[in-house]
Amino acid sequence: MPEKDPRLRTSVRENYQTQVRRVLLQVLGLNLTVVVGKLVIGWKARSLSILSDAAHSSVDSLNNIVGLIIIRYATAAPDTGHPYGHRKIESLAAFALGGLLLFTCFEIAASAIRRLFNPEMIRVQVSHLTLVVMIATIVINVIVYLYERQRGRQLGSSFLLADSLHTRTDILVSSSLVGGLFFIRLGMPTLDPLFALAISGLIAYGGWQIFTESVPVLVDASMVRPEIIEEIVRQVPGVSSVHDIRSRSDGEKLFIELRVLVDHYDLRRAHQVTEEIEHRLMDKLGHCQITIHVEPV
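Residues numbered from 1 in each chain as written. Predicted model: local features only at pLDDT ≥ 70, side-chain atom pairs only at ≥ 80, totals over all residues. Heavy atoms only, no water.

Peer 1: Help me understand the sheet that holds strand β1 (residues 239-249) in this model?
Peer 2: For sheets, the rule is that strands pair by backbone hydrogen bonds, running either parallel or antiparallel. The sheet built from three strands is open, its strands ordered β1-β2-β3 with mixed pairing. The sheet terminates laterally at β1 and β3 (288-296), the two strands that pair on one side only. On average, each strand axis in the sheet is inclined to that of its neighbour by 15 degrees, with strand direction left out of account. Where strand β2 (residues 254-262) meets β3, nine bridges bridge the pair, whose relative direction is parallel. In the strand pairing of β3, R259 is matched with H293. (Pairing = 2+ DSSP bridges. Helix = DSSP H or I, 4+ residues; strand = E, 2+ residues; numbered from the N terminus. Axes fitted to C-alpha atoms, helices over the stretch in contact; angles between N-to-C directions.)

Take a look at the structure:
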């Protein structure tokens, strides 16, 4: 069949890589603008919460840089050593970034606690420019989030979708921070380290979300409940029973393995039954690679 042509598969991988790299480069430019803006006003205002938010935003830029590197290897063709492909490299990179987020969270929380116990360290100066720049960075992040999520869905890129999720966390952090700056400007500077602590909590939650997405892929956790697959398969005429159902994912494609007992001993008819099973599973679960072991009743 044409879709199984190796040249076509290579062309699809190369096009996917080009499209994802283009999105990452565009988003990287916007994220760097946000980081520079937050660093400048954070240093000028002497605000730990703004500098903490800048550190959080810098992870977005790091995500993009890492993505540019790994997408080349994650889209490489299957080979002798990696017959299932290399897509788990994306999940492995996401796992590492989740760990980096948790480390950043710890550093921010430690600095905030030191400033809470040493009030003389708090000299926050919030100006109109500070608020304007922070609001502008939120607008940029909203644009990045919507664009990256849209392109991630169009391309079927788990990395772009995960990165857009991280950007959404950045929007929530910055929005809460702007609210805190208004209170600080009213003469309550102690709120700065308190908001830094709140931001560290949101960053930790973002890291946890990344772990919950990447770890199941890395440890081959079941992606679809066996009962769901069994219900679909048993509706195929000729199937007597189904057992030993397994499923996993490489971060993009779903892999399903199962054993089927059929009522027919004729090889041609048994093959037709397996093709109908594959068709129905793909219709319900989307594109997946299915391995079926046929047994006679």
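Still to come is the rest of the account.
Peer 1: Before we go on, may I ask you to explain the pattern of salt bridges in this structure?
Peer 2: When the charged atoms of two side chains lie near each other, side chains of opposite charge can form a pair. Evaluated as defined, the whole model comprises seven salt bridges. We note a salt bridge from D220 to K88, for which the minimum N-O separation is 2.5 Å. Of this pair, D220 sits in the loop between α6 (191-218) and α7 (226-234) while K88 sits in helix α3 (residues 88-117); the two residues are 132 residues apart in sequence, bridging distant segments of the chain. Among the residues examined, D220 registers a relative accessible area of 37% and is labelled partly exposed. For D220, the salt bridge goes to R248, with nearest N and O atoms at 3.9 Å. Here D220 is found in the loop between α6 and α7, whereas its partner R248 is found in strand β1, with 28 residues between them in sequence. (Salt bridge = Lys/Arg side-chain N within 4 Å of Asp/Glu carboxyl O. Buried < 20%, exposed > 50% of the residue type's maximum accessible area, 1.4 Å probe, protein only.)

Peer 1: How do you make sense of the packing of α7 against helix α8 (residues 267-285) when you look at a structure like this?
Peer 2: The geometry of a pair of packed helices is captured by two quantities: the angle between their axes and the separation between those axes. One can describe the packing of α7 onto α8 by two numbers: an axis separation of 9 Å at closest approach and a directional angle of 130 degrees. Between α7 and α8, the angle is such that the two are oblique. Relative to α8, the crossing made by α7 is right-handed. Each of I229, I232 and V233 in α7 lies in contact with α8, whose residues at this interface are I277, R280, L281, K284 and L285. By residue class, the composition of the contact of α7 with α8 is six nonpolar, no polar and two charged. (Parallel < 35°, antiparallel > 145°, perpendicular 65-115°, else oblique. Left-handed = near helix turned anticlockwise from the far one by under 90°. Contact = heavy atoms within 4.5 Å. Nonpolar A, V, L, I, M, F, W, Y, C, P; charged D, E, K, R; others polar.)

Peer 1: Where do I start with a nonpolar patch on the surface in this structure?
Peer 2: There is a patch of nonpolar side chains on the surface, built from L62, I65, I69, Y73, L100 and F103 and spanning about 550 Å² of accessible area. Elements with a minimum of two residues in the nonpolar patch: α2 (48-74) and α3. When residues of the nonpolar patch are assigned to their parent elements, the largest contribution, four residues, is made by α2. Along the chain, I69 falls in helix α2. (Patch = residues over 30% accessible without salt bridge, like charges linked within 9 Å, V, L, I, M, F, W, Y side chains within 5 Å. Areas by Shrake-Rupley, 256 points an atom, 1.4 Å probe, with all protein chains shown as cover.)

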